[in-house]
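Each chain is listed here by its residues.
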Amino acid sequence: MLFPLSAQKYRKSLSRLNSFMWFKALTLSALTLVATFPPTASDAACPGMQGLISKGSYAVADTSGKIVAGCNLDQALVPASIIKVATVLTAMQVLGPDYRFNTGFYQDQAGNLYIRGFGDPSLVSEEISLIAARLKALGMHSVATLYVDDSAFALEGPVPGQAISDNPYDAPVGALAVNFNSIAVFKDKKGNIASAEAQTPTLPLMHELAGQRPAGRVRLNICCDGADGRERSARYAGELFRGLFQQTGINVNKLGGKKPTPADAQLLYMHAGSRNLSEISAALMHSSSNFIANLIFLQMGAQRKGYPATWAKARAVLREELTILLGPAMADSIRVSEGSGLSRESRVNARTMLTLLQRFRPYRAVLRQQNGIARKSGTLTGVYNLAGYLSNGRAYVIMLNQPKNTRDSVLARLQQNYGQ
């Protein structure tokens, strides 16, 4: 990579993603039907957790994987975002920690440019500016028509569990998706609309999405109005590439929308992302990005089963790897609809999560640390989960599918009793 994106710039680009994740728990209840969890016979009282667990489980295992404490270990529960542990773990096996996503740039004899995406989750404005500089150095100064090729994905539908909302964590995925498929816009009191980011030019899509909104600064999922995810993702990518190309001195006469790359088009440049899978996974875990998780999930399927990427291929590869990592019986205890935890159809139990965490130990550095405890949270309405490692290295999981969020109190007791 001739133009590596600095760690500082990459962190700044991801801070845009991190900045809106804090309100996820506050807004999700307004977007998701409230789940009810009636008591069942399997909800045995959890020792030492009276008043904290009405429907759920917890478990702790030592560094060898031996379970030292637990309750309702085999109860299948909705995992929410702690299922990202399984997604990242299997991706490390299938793709490898040093894997980098690619994006191809092809030109035909008429001077048209085709950008073929392969699901790179880190195509932020800063990265695209580096790509533009590279293409200019290779001699590109003008483009007749710019086309977006998203044929590497053939998804059977939107992300399972994805809601129609303006929240960025509900953003669609796509083979060529930019800026996490979210858009930052500022509208002044006179109605003037501009990009809310210095590194991102003002685009026609911004005017369309912010036109009827009140004045102020906002970050939106590009499909906040229920638009088709594939169409809107390709449009956003085309507009952003055109804007940043022109800032670099590459003139783009017009946009042509979506079109597969012709067989006779010549490859000009194959861009390898500035960050490898380990670095992307750390960003994923710290921000709990559903967008990044599902692009990694889909890439696993495509690498093993071939393009185009589909949800079915991704699920099949995840199951194959979990069977190797956990054994057939334990792999049967996991049901995964997609890679982020958005779907309420996914299920896992505490015993299986502990085994996943044992296999995940070599990659534990990607988890967020808080007071010496490594943690990955999982939150939906009525779902409050945590998984990670106590300060002494023991693995823990807390899965609460109940109305009251008491996970931090449960974690404090586990740390006091088993983490010293």
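Note that the structure is predicted; figures quoted are calculated from it, not measured.

What counts and what doesn't
- Residues numbered from 1 in each chain as written.
- Predicted model: local features only at pLDDT ≥ 70, side-chain atom pairs only at ≥ 80, totals over all residues.
- Heavy atoms only, no water.
- Pairing = 2+ DSSP bridges.
- Helix = DSSP H or I, 4+ residues; strand = E, 2+ residues; numbered from the N terminus.
- Axes fitted to C-alpha atoms, helices over the stretch in contact; angles between N-to-C directions.
- Core = buried A, V, L, I, M, F, W, Y, C linked by side-chain atoms within 4.5 Å.
- Buried < 20%, exposed > 50% of the residue type's maximum accessible area, 1.4 Å probe, protein only.
- Contact = heavy atoms within 4.5 Å.
- Disulfide = S-S within 2.5 Å.
- Phe/Tyr/Trp six-rings, centres within 6.5 Å; stacked < 30°, edge-to-face > 60°.
- Lys NZ or Arg CZ within 6 Å of the ring centre and 35° of its normal.
- Expected span 1.5 Å × (residues − 1).
- Polar contact = N/O pair within 3.5 Å; in protein donor to acceptor, adjacent residues only side chain to side chain.

Let us now look at the sheet that holds strand E12 (residues 373-380). An order of E2-E1-E14-E13-E12-E11 is seen for the 6 strands of this open sheet, with the pairing classed as antiparallel. Unpaired on one side and paired on the other, strand E2 (67-71) and strand E11 (368-370) mark the two borders of the sheet. Across this sheet, the average inter-strand angle for adjacent strands is 20°, counted without regard to direction. Judged from the 6 bridges that link them, strand E1 (residues 56-61) and strand E14 (residues 395-400) form a sheet pairing that is antiparallel. Paired with Tyr58 across the bridge in E14 is Ile398.

The next subject is the nonpolar core. In this structure, Ile296, Met300, Ile334, Met353, Leu356, Phe360 and Val397 are the most contacted members of the largest nonpolar core, which totals 67 residues. Those residues in contact with Met353, other than ones at most four positions away along the chain, are Ile82, Val85, Val348, Ala387, Val397 and Met399. The next biggest cluster of nonpolar side chains, apart from the first, holds 36 residues, and it includes Leu113, Leu135, Val148 and Leu176.

In a disulfide, the sulfur atoms of two cysteines are covalently bonded to one another. Per the stated rule, a full pass over the model turns up 1 disulfide. The disulfide that involves Cys46 links it to Cys71, with 2.1 Å between the sulfurs. Taking the sign of the S-S torsion, about -80° here, the bridge from Cys46 to Cys71 comes out left-handed. Taken together, the residues span a long stretch of sequence, with Cys46 in the loop between helix H2 (24-31) and E1 and Cys71 in strand E2 at a distance of 25 residues.

A few words now on the packing of aromatic side chains. By the definition in use, this model includes 9 aromatic pairs. A ring pair is formed by Phe241 and Phe245, whose centres lie 5.7 Å apart and whose planes are at 80°; its orientation type is edge-to-face. With a gap of 4 residues between them, Phe241 and Phe245 both fall in helix H6 (residues 229-248), about one helical turn apart. Both residues of the pair, Phe241 and Phe245, belong to the buried class. Taken together, the aromatic side chains of Phe105, Phe241, Phe245 and Tyr269 make up a single cluster linked through ring pairs. We note Lys259 situated over the ring of Tyr147; from NZ or CZ to the ring centre the distance is 4.9 Å. Just above the ring of Tyr389 sits the side chain of Arg364; from NZ or CZ to the centre is 4.5 Å.

Here we come to H6. For H6, built from 20 residues, the straight-helix expectation of 28 Å at 1.5 Å per residue is met to within 8% by its first-to-last C-alpha distance of 28 Å. N-cap assignment for H6: the residue whose side-chain oxygen lies 3.2 Å from the backbone N of Arg230 is Asp228. Just past H6, the residue Gly249 takes up positive phi, approximately 100°.

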